[in-house]
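Residue strings, one per chain:
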Amino acid sequence: MLCATLISVSSLVEREGELATIAARLAAVAQGQGQLLWLEGAAGIGKSALLDAAVAAAHESGFSVLSARGGEWEREFGHGVVRQLFERLVAGRDELFAGSAALAGPMFGVGGPASGDEQSILHGLYWLTSNLAASGPLAIVVDDVHWVDPASLRFLLYVARRLHGMPILLALANRTGEAATDTEVLAAIRDQSGTRIAPAPLTVRGVQGLIEVTETDDEFVKACHEVTGGNPFLVRELSVVIAERGLAAHPAGAEQVRQLGPQSVSAAVLRRLELLGSGPRRLAQSVAVLGQDAALRHAAELAGISPADAALGADALVRIQVFRPGVPLDFVHPIVRRAVYEGMPSGARALAHRAAAAMLLREGLGAGSVATHLMASEPAGDQVVVETLREAARQTSVGAPDAAAAYLRRALAEPPQHRVAVLRELGRAEVSSGQPEGVIHLKEALRVTEEPAERVGIARELALGLVLPGRYAEAIDALETALDHVTDADLALQLSAEIVTVSRLVPDARETTDRHLRALQGPLPGDSPGERVALASLAMQTLVDGGPAGRVAELATRAVRGGLIAEQTSDYHVVYDALGALWPTESVNATAEALGEAVADARRRGSVLAFARASSFRAQFRFSLGDLDEAESDALLALDAAAERRWPIGFIALSALLDVLVERGRYDDAETQLELWGGHDDIPHTFMMDFLLAARGRLRLAQRRTQEAVDDLLELGRRESVWPGRCPAVFAYRSQAALGLLALGDRDEARRLAAEEVPLARRWGTRSAIGISLRAAGLTAGGDLGLDLLADAERTLADSPARLEHARSAVELGSALRRAGRRTDARLWLAKGLDQASLLGATALAARARDELVAAGARPQRDRTHGLPALTPSELRVARMAASGLKNPEIAQALFVTLRNVELHLTHTYQKLGISSRDELRASLASLSGQSLRSAP
């Protein structure tokens, strides 16, 4: 039925196969299966006509339809195509901005000013799309996607990656052989699994069907096919030329057609335009300047003709197939628009764009709409132009910083009277969009300004721009420059703390770190923002220097409970000095509270970056407690959030995930994750990458790729040697490398390394660190001494929150007793370790304990394979949130995942638990020992 509808609404020639494919994709979407439809081909091949047919059929089938078209001269307008898609449909419908969709509200005049980062805006637009699709199937149709502005392209990619299970058709048409706005993003969209349609040129028979002549001749039609290459648009244009010149369909006419050539066919547009006179010609030129969907009154004013003459001129342009019928005014095809636009002298074009900008400003149109014309005008020192471009940049800076940067570069060329302000705004926008020129412009602004307060602000922004690409030494210089001009004591304290935080990342900057640490050594009650930032930085530095853990916990807790996160937000990098220092201290309640606050703040503000950061550290914290399910869920959520822009924080989440997968015995999955994040390559020496190096070493140890494991762990030791006494609670490379060396037969070196870690762990002071170091010392020592050390490790860990490490120590003690011939004692400890490992879901450790028990003469039970233990960490997380009363969209928005993802998790959970309702789900989860439905999701 759909295919028949498509064919009936279309007069397309030789496109039956393409129409059938479109019909099938629409039918699949109607059944809730999201589809990506990618059309590509040369200009005039018929992509737009196929999209028009798809739109008509979608309307006939009850779809909501969002449509837009990229414009060659509008590609700098940040989120221009997004606005085309949504503005008409969402006007006056504030209910569509419920939940996370509120993040996109400011773009359409709903809610307050935009906040968060670009990724948060994408998240909001995705949920706006989801809310629209909740009431029925939705078609998003974009023509000329190669001209779409970068911010809108990133939105289309974001949706394309999340279509599964959504009743959405994403139909995009791309022109080949054309310079695209962003080839990388465009290729990423195209590479999503979807349906690709590449319309073929018309056959000779197809051309015959389009040539409007009373008689046909085979040779004549063949000539028409040769000249046009079977391109439908060119065939139609040739048909007009044939009619104008009265060419006859016979062999002589065929020769005349061949002499025209393709360029003559395109030039015929301008000839037809000239025949209409100056009024219609100026009207066509005005519409070419104004861009698609031009208002008649605007085109008339710009052309210098009356509205009545403009209306008559528009009708004439429709008759000669230059304009589409109806209003707003638009060309029949971009080829025609380009012919008209490029037929204007370049100077006249620039003047027309400036006149268009002035006209639209008088009418009160937004700066973003006007800025596209100012971008095409010539600089003239006009400060109104400068301020309009700055305002357009401010409006787009959050969601489209690359567009903001383009506007500000043009403002800088005008030139502005206040050059420093524009340089600073430009540098900030370029840094936000990852453009290296941002540092150059901020440095120039810093050089030019003479205002002390302004120098401080610029220097801090410059430092941020230098930290992001890892240019830490230059960032320190920028922050020290700012510090030289600070008169406020609290701000000076905060800057010193920021310098300590950055210099800690530079292997040879210890002198700088120590110098600025002295500024943080005075009384710090935590009563001011600067003091709380200083407390956070001091907490991390105390951890780096090896403790003690109690002091670290006290500093970090005072910073967080004093209001650090509320003041600075969870996006502020020094916040993670406090959180990163707190979790290894065994201050379980304080750490859970602080990390929960950071996650909640990220969700509230819709900051995807902050959510990735906080979830990464929470994954590490939960793994240290042995909460493998929660750690895996947090790590996966953080990786999903970080993957879109490959944020380095993802490596901390990846480290936790690899550790969980090792404990599950899922080595192949761990290898897959390593490959996805480039972990098979050489790992650079940075703080976050060192987490990955440590986790890879532990994975290789579990895989019995022992030499590779030792190499990784000893390399980590070489890196850590920059900081003598580094805390073993974060990177316990000595005890881990010792086990590898022991397996390789180097017991002496293994004993040395293990023994070296024990006093460091005692200095740090947590039971988990001490127990882990004692266990390694016992394993490397062997004999009665080894048994005593292993027993000591088990007792120490029994009183710690590190349940997994306690289970491991019980298994190691039992295994050592079995090897010593004390089988009865061995069975006691092995059974204890097996019970704990099974409860935690540590399948690899449980399997080892079971094998040891068999060797010790016991017959242990097998693991359960159904019910609650069968739920994956993500399923358990979603199930708890559903049981607490949250609806599916609320769960999806809170976890920064898709609605389909939530639905699949709940479906699998119901199947595994043998239930069919949320009431039954609540009852099932209530029976899960030691868990609470009120625990933070």
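Keep in mind it's a predicted model, so treat the numbers as computed, not measured.

Structural notes on the packing of aromatic side chains
Pairs of aromatic rings are described using the distance from one ring centre to the other and the angle between the two planes.
Thought 1: Counted by the stated rule, this structure contains 9 aromatic pairs.
Thought 2: On the basis of an interplanar angle of 70 degrees and a centroid distance of 5.8 Å, the ring pair of Phe86 and Phe155 is categorised as edge-to-face. Of this pair, Phe86 sits in helix H4 (residues 80–90) while Phe155 sits in helix H6 (residues 150–160), and the two are 69 residues apart along the sequence.
Thought 3: In this structure Phe155 comes out as buried when scored by relative accessible area, which is 0%.
Thought 4: Arranged with centres 6.1 Å apart and planes meeting at 70 degrees, the rings of Tyr126 and Tyr158 form a pair that is edge-to-face. One end of the pair, Tyr126, is in helix H5 (residues 118–133); the other, Tyr158, is in helix H6, and 32 residues separate them in sequence. Tyr158 carries the same exposure label as Tyr126, and that label is buried.
Thought 5: An aromatic cluster of three or more residues is present, and its members are Phe86, Phe97, Phe108 and Phe155.

Section: the nonpolar core
Thought 1: If you look at the biggest cluster of nonpolar residues, it comprises 159 residues, and the most contacted ones within it are Phe86 and Leu921.
Thought 2: Take this core: its biggest share by element is 10 residues, from helix H31 (residues 608–625).
Thought 3: Excluding its chain neighbours within four sequence positions, the residues that come into contact with Phe86 are Leu66, Phe108, Leu128, Thr129, Leu132 and Phe155.
Thought 4: Ranked by size, the runner-up nonpolar core spans 77 residues in total, among them Leu234, Ala288, Leu290 and Val486.

As for H31
The α-helix advances 3.6 residues per turn, and as a result positions three or four apart in sequence lie on the same side.
Thought 1: In this model, H31 (18 residues) spans 26 Å end to end at C-alpha, consistent with the 26 Å of a helix rising 1.5 Å per residue.
Thought 2: Burial analysis of H31 places 17 of its 18 residues in the buried class, which makes it a mostly covered element.

Considerations on the environment of Ser917
Thought 1: Examined against the element boundaries, Ser917 turns out to sit in the loop between helix H46 (899–913) and helix H47 (918–926).
Thought 2: Along the chain, Ser917 and Ala883 lie 34 residues apart, while their C-alpha atoms are 9.8 Å from each other.

Side note on the pattern of salt bridges
Thought 1: The tally for this structure, following the rule as stated, stands at 70 salt bridges.
Thought 2: Between Arg532 and Glu567 there is a salt bridge, and its shortest N-O distance comes to 2.3 Å. Pair noted here: Arg532 is in helix H26 (residues 529–544) and Glu567 is in helix H28 (residues 564–568), with a separation of 35 residues, a long-range link.
Thought 3: For Arg532, a relative accessible area of 7% corresponds to the buried category.
Thought 4: Between Asp792 and Arg795 there is a salt bridge whose closest N-O contact spans 4.0 Å. Of this pair, Asp792 and Arg795 both sit in helix H40 (residues 783–798), 3 residues apart, which is roughly one turn of the helix.
Thought 5: Judged by relative accessible area, Asp792 falls into the partly exposed class, the value being 26%.
Thought 6: Each member of the salt-bridge network shares a partner with another, and the members are Arg618, Arg622, Glu630, Asp634, Arg877 and Arg880.

Let's talk about helix H21 (residues 437–448)
Thought 1: End to end, H21 covers 17 Å across 12 residues, agreeing with the expected 16 Å (1.5 Å per residue, within 8%).
Thought 2: Buried within H21 we find Gly438, Val439, His441, Leu442, Glu444, Ala445 and Leu446.
Thought 3: In this structure, the buried residues of H21 make contact with helix H19 (401–413), helix H20 (419–432), helix H22 (452–467) and helix H23 (472–484).

A closer look at the environment of Arg613
Thought 1: Considering the arrangement of structural elements, one finds Arg613 in helix H31.
Thought 2: The exposure class of Arg613 is buried, given its relative accessible area of 17%.
Thought 3: Those residues in contact with Arg613, other than ones at most four positions away along the chain, are Ser570, Asp571, Tyr572, His573, Tyr576 and Ile649.

As for unusual backbone geometry
Thought 1: The amide bond that connects Val327 to the next residue, Pro328, takes the cis arrangement and shows omega of 0 degrees.
Thought 2: Of note, Pro328 is situated in the loop between helix H14 (307–319) and helix H15 (334–342).
Thought 3: The peptide bond linking Glu414 to Pro415 adopts the cis configuration, its omega dihedral lying at -5 degrees.
Thought 4: Looking at where Pro415 falls in the secondary structure, it is placed in the loop between H19 and H20.
Thought 5: The phi dihedral of His79 falls on the positive side, at around 60 degrees, and the residue is not glycine.
Thought 6: Within the secondary structure, His79 sits in the loop between strand E2 (64–69) and H4.

Focus on the packing of helix H36 (residues 706–720) against helix H37 (residues 733–743)
Thought 1: In contact at an axis separation of 9 Å, H36 and H37 are set at 150 degrees when each is read in the N-to-C sense. With respect to each other, H36 and H37 are oriented roughly antiparallel. By crossing handedness, the relation of H36 to H37 is classed as left-handed. Where H36 abuts H37, its residues Thr706, Val710, Leu713, Leu714, Leu716, Gly717 and Glu720 lie against Tyr733, Gln736, Ala737, Gly740, Leu741 and Ala743.
Thought 2: Class assignment of the residues belonging to the contact of H36 with H37 gives a composition of 8 nonpolar, 4 polar and 1 charged.

Quick word on the sheet that holds strand E3 (residues 138–143)
Strands belonging to one sheet form pairs held by backbone hydrogen bonds; the direction of such a pair is parallel or antiparallel.
Thought 1: If you walk across this open sheet you meet the 5 strands as E2-E3-E4-E1-E5, and the pairing is parallel. What marks the edges here is a single partner per strand, and that holds for E2 and strand E5 (195–197). Here the strands of the sheet are splayed against their neighbours by 15 degrees on average, with no regard to which way each runs.
Thought 2: Bridge analysis of strand E1 (residues 35–41) against E5 gives 3 bridges, and the strand direction is parallel. Pairing of Leu39 across the sheet is with Ile197, part of E5.

Here we look at the confidence of the model for the protein chain
Thought 1: When pLDDT is averaged across the protein chain, the result is 88; 95% of the residues are at 70 or more.
Thought 2: The secondary-structure element of the protein chain with the lowest mean pLDDT is helix H1 (residues 2–9), recorded at 47, while helix H39 (residues 767–781) shows the highest, at 97.
Thought 3: pLDDT under 50 marks residues 4–10. Its contacts with residues more than four places away, or in other chains, come to 13 contacts.
Thought 4: Per-residue pLDDT stays below 50 along residues 929–937; that stretch engages in 14 contacts with residues further than four places along the chain or on separate chains.

Here we look at the pairing of strand E4 (residues 168–175)
Thought 1: Burial analysis of E4 places 8 of its 8 residues in the buried class, which makes it a mostly covered element.
Thought 2: Burial of the side chains of E4 extends over both faces: Ile168, Leu170, Leu172 and Asn174 are buried on one face and Leu169, Ala171, Ala173 and Arg175 on the other.
Thought 3: In this structure, E1 lies alongside E4, joined through 7 bridges in parallel fashion. Of the residues in E4, the one forming a bridge with Leu39 is Ala173.
Thought 4: Pairing geometry for E3 and E4, over 5 bridges, is parallel. Within the sheet, the bridge partner assigned to Val141 lies in E4 and is Ala171.
Thought 5: Of the crossover connections in this fold, the one passing from E3 over H6 to the parallel E4 is right-handed.

About the cut-offs
- Residues numbered from 1 in each chain as written.
- Predicted model: local features only at pLDDT ≥ 70, side-chain atom pairs only at ≥ 80, totals over all residues.
- Heavy atoms only, no water.
- Phe/Tyr/Trp six-rings, centres within 6.5 Å; stacked < 30°, edge-to-face > 60°.
- Helix = DSSP H or I, 4+ residues; strand = E, 2+ residues; numbered from the N terminus.
- Buried < 20%, exposed > 50% of the residue type's maximum accessible area, 1.4 Å probe, protein only.
- Core = buried A, V, L, I, M, F, W, Y, C linked by side-chain atoms within 4.5 Å.
- Contact = heavy atoms within 4.5 Å.
- Expected span 1.5 Å × (residues − 1).
- Salt bridge = Lys/Arg side-chain N within 4 Å of Asp/Glu carboxyl O.
- Axes fitted to C-alpha atoms, helices over the stretch in contact; angles between N-to-C directions.
- Parallel < 35°, antiparallel > 145°, perpendicular 65-115°, else oblique.
- Left-handed = near helix turned anticlockwise from the far one by under 90°.
- Nonpolar A, V, L, I, M, F, W, Y, C, P; charged D, E, K, R; others polar.
- Pairing = 2+ DSSP bridges.
- pLDDT = per-residue confidence, 0-100.
- Right-handed = clockwise from strand over helix to strand, strands pointing away.

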